[in-house]
Amino acid sequence: MAADGVKPMEFLVQALSAACICFLGCQTGYVCAWPSYTVANFTSNSSALSRPMTALEISLLGSLPNVGALVTSPFCGFVFNTFGRKYATILFGLPYVLAWTTISMTSDVHLVLAAMTVAGVGIAGQNVSLIYISEIAHDSIRGGLITASASAYFLGLLVSYALGGHLSYMQVVYAHLALAVLCVALLALMKESPVYLVMLGKEAEAAEAIAFYKRVSVPSKEVEAEIAKIKLQLDPDLESKLQSNSDPEEGSDLMKKKGKQSKKESQWRLLRRSRSSQRALATTLVVIGATVAMGSVVLQVYAEPLFAEATPSMPANRCSIFLALDFLIASVLCALVIDRFGRKFLLIATSLGSGACTLALGVQLQLAVAPPWVTALLIYLYSFVYTLGCAVVPFVLASEVFLPEVRGLCNGISMGFVWVVTFLTLVVFNPLVDALGLGPVFYCFSAICFFGALYGHFCVPETKGLSPDQIQALFLKTK
């Protein structure tokens, strides 16, 4: 994934730094996978808890992390702008440590449920922490490094499923706790985002951070150019300058101009007067709404019974491991190609592919035109195609299309919207199945997939390899 203009050591340091941040994604994967193979223990008379869980409590076990994430998401932008990218990321790593510590020390049902809710706070912050990666990565490899967070999440699923199949209950909990502590320790070794440091006026510290991530000496022209580039992004007159230089390729010429410093404004006020950020936010929210509603969320809910019917001889845990491996391979492939083919192409191509898969799956579920194993094949194929682009591109866009001053706020809004659309999709799914049947509902998912492809073609600009000021120019173009 190393690209032209990125020196080997620069690429190595940025990739390792991104890996430390993406390790939070693994923590999310552990939290999301753990309930699925712990249910049998928690509902049995020999439960590791003080008593067996009720059906409602089992439902809450898997859903409460989503509640914690939904409630926390609106505040993530404030936290990242107040405490900085580094310390906010560390702060959102602590809920995982607290959750697994609590679970390891108690057998009380209510405390275990409370711990899962606390873990949801970490999930919200983990999603917004992608802006940290976007601010330390070279433009030519930014997309791939951000995408690695999705790979980390799926790796977390895979590791947790594997641990659940071979270790005891307490051994799994201790393993997850140790990995959470390791994650926080690695984050403590990171350098702060130079963009955030320049926002605070700490240019000397920003120069040191730039030198670290670019592997150059502090007193160098590369560091000076990077600081000038960051100042351009923070220039309050950036939009007016870009409108007079409408060609995004000319945006880099503006880096030679010094922007004026203005009084510090709130993120909301900046968003209200930034037309490019408003358009970027609207585009990102539509892409998120379409991709989340393409059926992947509800397919995971139905995956276990569908797999049980299609491959009755295969244990459910093994099917889950294969599905997580399917997700992981697709996300790694996405990380390798997203900076080569671009966000727009992947969004369009995988939306079309997902539409074809959900259409075929709907026909199979409604008419049973093929043997049951075809259902399993279509689930794996759809999961692969969807993860290759649709599952990842919205998060990449949310991390790179906003001005630095509103990046935390807009990313928090975007991630909160993910949870809202996920909730609404799950709420309407069962009533739709009762009214239309499972097969026709997948026809609806297919239609949403094709809408996503059309919207991506006509409304989503290509941001591959572009600097933030060039991206703003794209959203200022008259449509």
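Described in the following lines is the structure provided in the data block. (Residues numbered from 1 in each chain as written. Predicted model: local features only at pLDDT ≥ 70, side-chain atom pairs only at ≥ 80, totals over all residues. Heavy atoms only, no water.)

**Examining the overall build of the protein chain**
Next, step 1: Looking only at helices and strands, the protein chain has 21 helices and 0 strands in total.
Next, step 2: Counting every position in the protein chain, which comprises 479 residues, the buried fraction comes to 56%.
Next, step 3: As presented, the protein chain carries roughly 19,900 Å² of accessible surface, and 67% of it is formed by carbon and sulfur atoms. (Helix = DSSP H or I, 4+ residues; strand = E, 2+ residues; numbered from the N terminus. Buried < 20%, exposed > 50% of the residue type's maximum accessible area, 1.4 Å probe, protein only. Areas by Shrake-Rupley, 256 points an atom, 1.4 Å probe, with all protein chains shown as cover.)

**Side note on the pattern of salt bridges**
Next, step 1: All chains considered together, the criterion is met by 11 salt bridges.
Next, step 2: Salt-bridge contacts for Asp139 lead to Arg142; the nearest nitrogen and oxygen are separated by 2.9 Å. Arg142 matches Asp139 in its accessibility class, with the two residues each being buried.
Next, step 3: Asp339 serves as the salt-bridge partner of Arg343, at 2.9 Å between the closest nitrogen and oxygen. There is no split in this pair, since Arg343 and Asp339 are both buried.
Next, step 4: Each member of the salt-bridge network shares a partner with another, and the members are Asp139, Arg142, Lys229, Asp339, Arg343 and Glu400. (Salt bridge = Lys/Arg side-chain N within 4 Å of Asp/Glu carboxyl O.)

**Observations regarding the packing of helix H2 (residues 55-83) against helix H3 (residues 85-105)**
Next, step 1: Viewed as axis vectors pointing N to C, H2 and H3 meet at an angle of 140°, and their least axial separation amounts to 7 Å. By the criterion of interaxial angle, the relationship of H2 to H3 is oblique. The handedness of the crossing between H2 and H3 is right-handed. Taking contact as the criterion, the partners of Thr72, Cys76, Val79, Phe80, Asn81 and Phe83 in H2 are, on H3, Arg85, Tyr87, Ala88, Thr89, Leu91 and Phe92.
Next, step 2: Counted by class, the contact of H2 with H3 contains 8 nonpolar, 3 polar and 1 charged residues. (Axes fitted to C-alpha atoms, helices over the stretch in contact; angles between N-to-C directions. Parallel < 35°, antiparallel > 145°, perpendicular 65-115°, else oblique. Left-handed = near helix turned anticlockwise from the far one by under 90°. Contact = heavy atoms within 4.5 Å. Nonpolar A, V, L, I, M, F, W, Y, C, P; charged D, E, K, R; others polar.)

**So, the packing of helix H1 (residues 8-43) against H2**
Next, step 1: At a minimum axis distance of 10 Å, the contact between H1 and H2 shows a crossing angle of 170°. It follows from the interaxial angle that H1 and H2 lie roughly antiparallel. Once H1 is placed against H2, the crossing between them reads as right-handed. Contacts from Val31, Trp34, Pro35, Val39, Phe42 and Thr43 of H1 reach H2 at Ile58, Leu61, Gly62 and Pro65.

**Quick look at the side chain of Thr387**
Next, step 1: Secondary-structure assignment places Thr387 in helix H17 (residues 372-388).
Next, step 2: Under the relative-accessibility criterion, Thr387 is labelled buried at 1%.
Next, step 3: Beyond its immediate chain neighbours, meaning those up to four positions away, Thr387 contacts Phe154, Phe327, Ala330, Ser331, Cys334 and Val392.

**Quick word on the side chain of Asp139**
Next, step 1: Considering the arrangement of structural elements, one finds Asp139 in the loop between helix H5 (130-136) and helix H6 (142-166).
Next, step 2: Accessibility expressed as a relative area gives 14% for Asp139, which makes it buried.
Next, step 3: Engagement of the side chain of Asp139 in a polar contact is seen with the side chain of Lys229, the distance being 2.9 Å.
Next, step 4: Those residues in contact with Asp139 that lie beyond four places of it in its chain are Lys229, Gly465, Leu466, Ser467 and Pro468. (Polar contact = N/O pair within 3.5 Å; in protein donor to acceptor, adjacent residues only side chain to side chain.)

**Details of the packing of aromatic side chains**
Next, step 1: Going through the model one piece at a time under the given rule, you end up with 14 aromatic pairs.
Next, step 2: Members of the aromatic cluster, each reached through a chain of ring pairs, are Trp34, Phe42, Trp100 and Tyr169. (Phe/Tyr/Trp six-rings, centres within 6.5 Å; stacked < 30°, edge-to-face > 60°.)

**Observations concerning the nonpolar core**
One broad rule of soluble globular proteins: the nonpolar side chains tend to lie buried together.
Next, step 1: If you look at the biggest cluster of nonpolar residues, it comprises 123 residues, and the most contacted ones within it are Trp34, Phe42, Met53, Leu61, Trp100, Ile103 and Ile133.
Next, step 2: Excluding residues within four positions of it along the chain, Leu61 makes contact with Trp34, Pro35, Phe42, Met53, Val112, Leu113 and Met116.
Next, step 3: Ile210, Ala211, Val216 and Val223 belong to the second largest nonpolar core, which has 13 residues in total. (Core = buried A, V, L, I, M, F, W, Y, C linked by side-chain atoms within 4.5 Å.)

**Considering unusual backbone geometry**
Next, step 1: The backbone of Arg215 shows a phi angle near 55°, a positive value even though the residue is not glycine.
Next, step 2: The residue Arg215 is located in the loop between helix H9 (203-214) and helix H10 (221-233) in this model.
Next, step 3: The phi torsion at Ala368 lies on the positive side, around 50°, for a residue other than glycine.
Next, step 4: As for its position among the elements, Ala368 is in the loop between helix H16 (343-367) and H17.

**Describing the state of the cysteines**
Linking two cysteines covalently via their sulfur atoms produces the bond known as a disulfide.
Next, step 1: Scanning the entire structure with this criterion turns up 0 disulfides.
Next, step 2: With no disulfide of its own, Cys183 lies 8.1 Å from the sulfur of Cys26, the closest cysteine sulfur.
Next, step 3: On the basis of relative accessible area, Cys183 is assigned to the buried category, the value being 1%.
Next, step 4: Cys390 takes part in no disulfide bond, and the closest cysteine sulfur to it belongs to Cys449, at a distance of 6.5 Å.
Next, step 5: Judged by its relative accessible area of 1%, Cys390 is buried. (Disulfide = S-S within 2.5 Å.)

**Focus: H17**
Next, step 1: Counted at 1.5 Å a residue, the expected span for H17 with its 17 residues is 24 Å, and the 25 Å between its end C-alpha atoms agrees.
Next, step 2: Among the residues making up H17, those that are buried are Val374, Thr375, Ala376, Leu378, Ile379, Tyr382, Ser383, Val385, Tyr386, Thr387 and Leu388. (Expected span 1.5 Å × (residues − 1).)

**What about a nonpolar patch on the surface?**
Next, step 1: On the surface, Leu70, Val420, Phe423, Leu424, Val427, Val428, Leu432 and Leu436 cluster together to form a nonpolar patch covering roughly 650 Å² of accessible area.
Next, step 2: The dominant element in the nonpolar patch, judged by the number of residues it contributes, is helix H19 (residues 404-436), at 7 residues.
Next, step 3: Structurally, the position occupied by Val428 is in helix H19. (Patch = residues over 30% accessible without salt bridge, like charges linked within 9 Å, V, L, I, M, F, W, Y side chains within 5 Å.)

**Observations regarding the environment of Val460**
Next, step 1: Within the secondary structure, Val460 sits in the loop between helix H20 (438-459) and helix H21 (468-476).
Next, step 2: Relative accessible area serves as the criterion here: at 2%, Val460 is assigned to the buried category.
Next, step 3: The sequence separation of Val460 and Ala280 amounts to 180 residues, and the corresponding C-alpha distance is 9.1 Å.
Next, step 4: Discounting residues that sit within four places of it in the chain, Val460 has contacts with Thr283, Val287, Lys344, Leu347, Leu397 and Tyr455.

**Points about the environment of Gly5**
Next, step 1: Tracing the sequence through the fold places Gly5 in the segment before H1.
Next, step 2: Once the C-alpha coordinates of Gly5 and Asp139 are considered, the two residues, 134 residues apart in sequence, prove to be 9.5 Å apart.
Next, step 3: Discounting chain neighbours no more than four positions away, the residues touching Gly5 are Glu10 and His138.

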